[in-house]
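Fold and contact review
Residue strings, one per chain:
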Amino acid sequence: MPVQMDLKRIIINEVHDQQVVMLRETEGERSFPIVIGIFEATSIDRRVRGLASPRPLTHDLVASVIDQMGAELQDIYISELREHTYYAKLRIRKDGELVEVDCRPSDAIALAVTAKVPIYVAEDVLGEACGEQGA
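Anyway, here's the lowdown on the structure attached to this text. Only a predicted model underlies this, so the values are computations on that prediction, with no experimental measurement involved. (Residues numbered from 1 in each chain as written. Predicted model: local features only at pLDDT ≥ 70, side-chain atom pairs only at ≥ 80, totals over all residues. Heavy atoms only, no water.)

1. Topic: the packing of helix 1 (residues 38-49) against helix 2 (residues 58-68)
Condition: Every angle, taken between N-to-C directions, lies between 0 and 180 degrees, and every axis is a line fitted to C-alpha atoms, over only the stretch in contact when it is a helix. Going along the chain from the N terminus, every DSSP run of H or I of four or more residues is numbered as a helix, and every run of E of two or more is numbered as a strand. In this scheme, roughly parallel covers angles under 35 degrees and roughly antiparallel covers those over 145, while 65 to 115 is roughly perpendicular and the rest are oblique. The contact definition used throughout considers only heavy atoms, calling two residues in contact when any of these lie within 4.5 Å. Each residue gets one of three labels, nonpolar for Ala, Val, Leu, Ile, Met, Phe, Trp, Tyr, Cys and Pro, charged for Asp, Glu, Lys and Arg, and polar for the others, Gly among them.
Between helix 1 and helix 2, whose axes approach to 10 Å, the crossing angle comes to 70°. With respect to their mutual orientation, helix 1 and helix 2 come out roughly perpendicular. Taking contact as the criterion, the partners of F39, S43 and R47 in helix 1 are, on helix 2, T58, H59 and D60. Broken down by class, the residue content of the contact of helix 1 with helix 2 amounts to one nonpolar, three polar and two charged.

Below, the structure written as C-alpha cells:
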C-alpha cells in the first residue's frame, strides 16, 4: 500500500556535491532523506519558494508536455530501493489509462512540486528506508 509523503525539508550544501530532500509521512511520523544533485535541489527549492524562472526549466517542460498531450500527472511514486538507490515513477493518466514512466526520484519530486501532485512511497521502501525490521 503506497504511503503519502510530504516534502519537509531541502538541504542545499554548496560545499558538497550531494544535496538532500527529506520526505515525511503525511499522516505519520516516519521520514527519510534522499540524496540528490544540486540542479534538482535548486529546482525544487525554487518551486517551493514560488520563484519563477525567466524560461521553462526541464521540469516545467515535462509538465507542459504531459498537459499538451491531454494527459494529467496523477502523482509520483517512489517504488523501489535497490542497493542504496531509490527508483521512482511518474504516474500519468491519459484517456482513463494509467501510464507509469520510470524516472529518478529527484526529478519526480521536482515535477510533483511543479505540478502540485501527491508524492507516494511504497510501504516496503519506507520501512527499509526507516530501518524497520521485516521491511
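2. Regarding a nonpolar patch on the surface
Rule in force here: Patch construction takes residues with relative accessible area above 30% that form no salt bridge. Like charges are linked within 9 Å, and nonpolar side chains (Val, Leu, Ile, Met, Phe, Trp, Tyr) are linked within 5 Å. Note on areas: Shrake-Rupley, 1.4 Å probe, and residue coverage restricted to the protein chains presented here. Salt bridge, as applied in this entry: a Lys or Arg side-chain nitrogen positioned within 4 Å of an Asp or Glu carboxyl oxygen.
A cluster of nonpolar side chains, contributed by I12, I38 and F39, occupies part of the molecular surface with about 240 Å² of accessible area. Within the secondary structure layout, I38 lies in helix 1.

3. Some words on the sheet that holds strand 4 (residues 72-82)
This is how the line gets drawn: The pairing criterion is simple: DSSP has to find at least two bridges between the two strands.
With respect to topology, seven strands assemble into an open sheet ordered 3-2-1-7-4-5-6, the strand pairing being mixed. Each edge of the open sheet carries a strand with a single partner, namely strand 3 (31-36) and strand 6 (97-103). Across the sheet, the axes of successive neighbouring strands diverge by a mean angle of 35°, strand direction being ignored. Where strand 5 (residues 85-94) meets strand 6, seven bridges bridge the pair, whose relative direction is antiparallel. Within the sheet, the bridge partner assigned to I92 lies in strand 6 and is V99. Across the sheet, helix 3 (residues 105-115) lies against strand 1 (2-11), strand 2 (19-25), strand 3, strand 4, strand 5, strand 6 and strand 7 (119-122), angled at about 155° from strand 4, the strand it touches most.

4. Observations concerning the packing of helix 1 against helix 3
Each packed pair of helices is defined by two parameters, the angle between the axes and the distance between the axes. This is how it is decided: Here a crossing is called left-handed whenever its near helix is offset anticlockwise from the far helix by less than a right angle, and right-handed whenever the offset is clockwise.
Look at helix 1 against helix 3: their axes get within 9 Å of each other, and the N-to-C directions meet at 15°. As the angle between them shows, helix 1 and helix 3 are arranged roughly parallel. Along this stretch, helix 1 crosses helix 3, giving a crossing that reads as left-handed. Residue-level inspection shows E40, S43, I44, R47 and V48 of helix 1 in contact with helix 3, the latter providing S106, D107, I109, A110, V113 and T114. Of the residues that constitute the contact of helix 1 with helix 3, the class distribution is five nonpolar, three polar and three charged.

5. Here's the deal with the pattern of salt bridges
Between side chains of opposite charge, a pair can form when the charged atoms approach closely. Applying the stated criterion to the full structure yields 11 salt bridges. Residue D107 is joined to R104 by a salt bridge in which the shortest nitrogen-to-oxygen separation is 3.0 Å. It is possible to trace a salt-bridge network through shared partners that takes in E25, R30 and E123.

6. Here's the deal with the pairing of strand 2
Our working rule: Accessible area is worked out with a 1.4 Å probe on protein chains only. A residue is then buried under 20% of its type maximum, exposed over 50%, and partly exposed in between.
Buried residues dominate strand 2, accounting for five of its seven residues. Linkage of strand 2 to strand 3, two consecutive antiparallel strands, is achieved through a turn of five residues.

7. So, the layout of surface pockets
Rolled over the atoms, a probe with the dimensions of a water molecule shows which regions are left empty. As a reminder, the rule being used: Lining residues are those with an atom within 4 Å of a point, where the points come from a 1 Å grid over the protein atoms alone and group into cavities, where a 1.4 Å probe fits but cannot get out, or pockets, open sets with protein on both sides within 12 Å along at least five of seven lines. Grid points are joined across faces, edges and corners, and a volume is the space filled by probe spheres set on the points.
Counted as a void, the largest pocket has a volume near 170 Å³. Lining the largest pocket are I34, V35, I36, G37, E40, H84, T85, Y86, R104, P105 and S106. Of all the secondary-structure elements, those providing two or more residues to the lining of the largest pocket are strand 3, strand 5 and helix 3. A per-element tally of the lining of the largest pocket places strand 3 first, with three residues. Looking at side-chain class alone, the lining of the largest pocket contains five nonpolar, four polar and two charged residues.

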